[in-house]
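Descriptive analysis of the structure
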Amino acid sequence: MSLTYNQEFKDPEISKALVARIRAKSSRPLRIMEVCGTHTMAIFRYGIRSVLPDTITLLSGPGCPVCVTAQKDIDAYVMLARRPDVILTTFGDLMKVPGSGSSLAAEKAKGADVRMVYSIFDALSVAKENPDKEIVFCAVGFETTIPTIAGAVLTAKAQGINNFSVYCANKLTPPALAALMETDGVEINGFILPGHVSVITGPDAFAPTFEKYRIPAVVTGFEPVDILKAVLLLVEQNASQTPRLVNAYPRAVADAGNPKARAIMDQVFEKADALWRAIGNIPNSGMVLRASFHEFDAARKFDISIPDTPEPAGCDCGQILMGLKRPDQCRLYKKACTPIHPVGPCMVSSEGACAAFYKYSR
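Residues numbered from 1 in each chain as written. Predicted model: local features only at pLDDT ≥ 70, side-chain atom pairs only at ≥ 80, totals over all residues. Heavy atoms only, no water.

1. Overview of unusual backbone geometry
Despite not being glycine, Gln241 has its phi angle at roughly 55°, a positive value. Examined against the element boundaries, Gln241 turns out to sit in the loop between α13 (224–240) and β10 (245–247). On the basis of relative accessibility, which here comes to 67%, the residue Gln241 falls in the exposed class. Here Ala278, not a glycine, exhibits a phi torsion of approximately 70°, which is positive. Locating Ala278 in the fold gives a position in the loop between β11 (269–276) and β12 (280–289). Overall, the relative accessible area of 30% leaves Ala278 in the partly exposed class. (Helix = DSSP H or I, 4+ residues; strand = E, 2+ residues; numbered from the N terminus. Buried < 20%, exposed > 50% of the residue type's maximum accessible area, 1.4 Å probe, protein only.)

2. Concerning the state of the cysteines
By definition, a disulfide links the sulfur atoms of two cysteines through a covalent bond. Scanning all chains against the criterion turns up one disulfide. Between the sulfur atoms of Cys317 and its disulfide mate Cys346 the distance is 2.0 Å. Measuring handedness by torsion sign, the sulfur bridge of Cys317 and Cys346 sits at about 75° and is right-handed. Taken together, the residues span a long stretch of sequence, with Cys317 in helix α16 (residues 317–321) and Cys346 in the loop between α16 and α17 (353–360) at a distance of 29 residues. As far as the burial class goes, Cys317 and Cys346 line up, both buried. This cysteine, Cys36, is not joined by any disulfide, and Cys64 carries the nearest cysteine sulfur, 9.3 Å off. By relative accessible area, which is 7% here, Cys36 ends up buried. No disulfide involves Cys168; its sulfur sits 11 Å from the nearest other cysteine sulfur, which is in Cys138. (Disulfide = S-S within 2.5 Å.)

The structure is reproduced here in structure tokens:
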């Protein structure tokens, strides 16, 4: 993709024209949820909320994988970090997320061998370099990263890297949207669907949810023109009462998604029920290792079984993920909970709604 072509999606004149059309066609209150955490950050960074009419409310959804990770899974990572025979590898966003009594950053400060990696394949390299240690990777992600985790597990099996395992907290996006639509108090008039996830799944992954609830839905990219175009399409669908599932990101998202990536994912993982922060247990919304790959399952290898643990007292991260509250409506926001001293993951992750609100909101 040429730079010139990509710059068109940041063109201020095109953006102004889209805003004018949105304002002209928006006649009634609408609550639109951006599902992806990257969309949340882009919306704040580009000031999109400030140019939309008052009739449109943008909500941040459960699209940040770190934010939706259940408290018990964070506690499991802390437990693994405390083992002297383990080197725990993780992406950086997970480091400061508070568990029930500690965090990975706190454990590292106490001497635990916790290492930030940029790819799960970096974790494989750590395993090769440290044959006398058990290397565990914190597998937290959506459809975007699950195929790479599957690829690493396949590589470990093929190369006989037996001191490598993953603790799975993987999640699938479409079941969470269906769960939201069944939640009391949740009111959504349209979904801005995640572009990154759709690159893997294709738009059809969201078709069952769309067909059941007939809610306007648009897959889009992350530049200002992408997001404003999605808002306009959702406004038009609501105005005409003709809901559709639209792929407005064809330069990256094919109708079939990425079949090879899905095949690798399905070879290694299978669907299972999963616990989402605040939302609760959602059937078939997780991905766990198939029986043929159980030797790479850290929960089995280290016999980890942690009961459900409550979320931090006063933290409204879960309600924010479901579109029931804004970050500034949490009583801890900017008081007990800040990026330096976070209480919940929504203030920690680079894709968290609270972190975005704190950084960009005025």
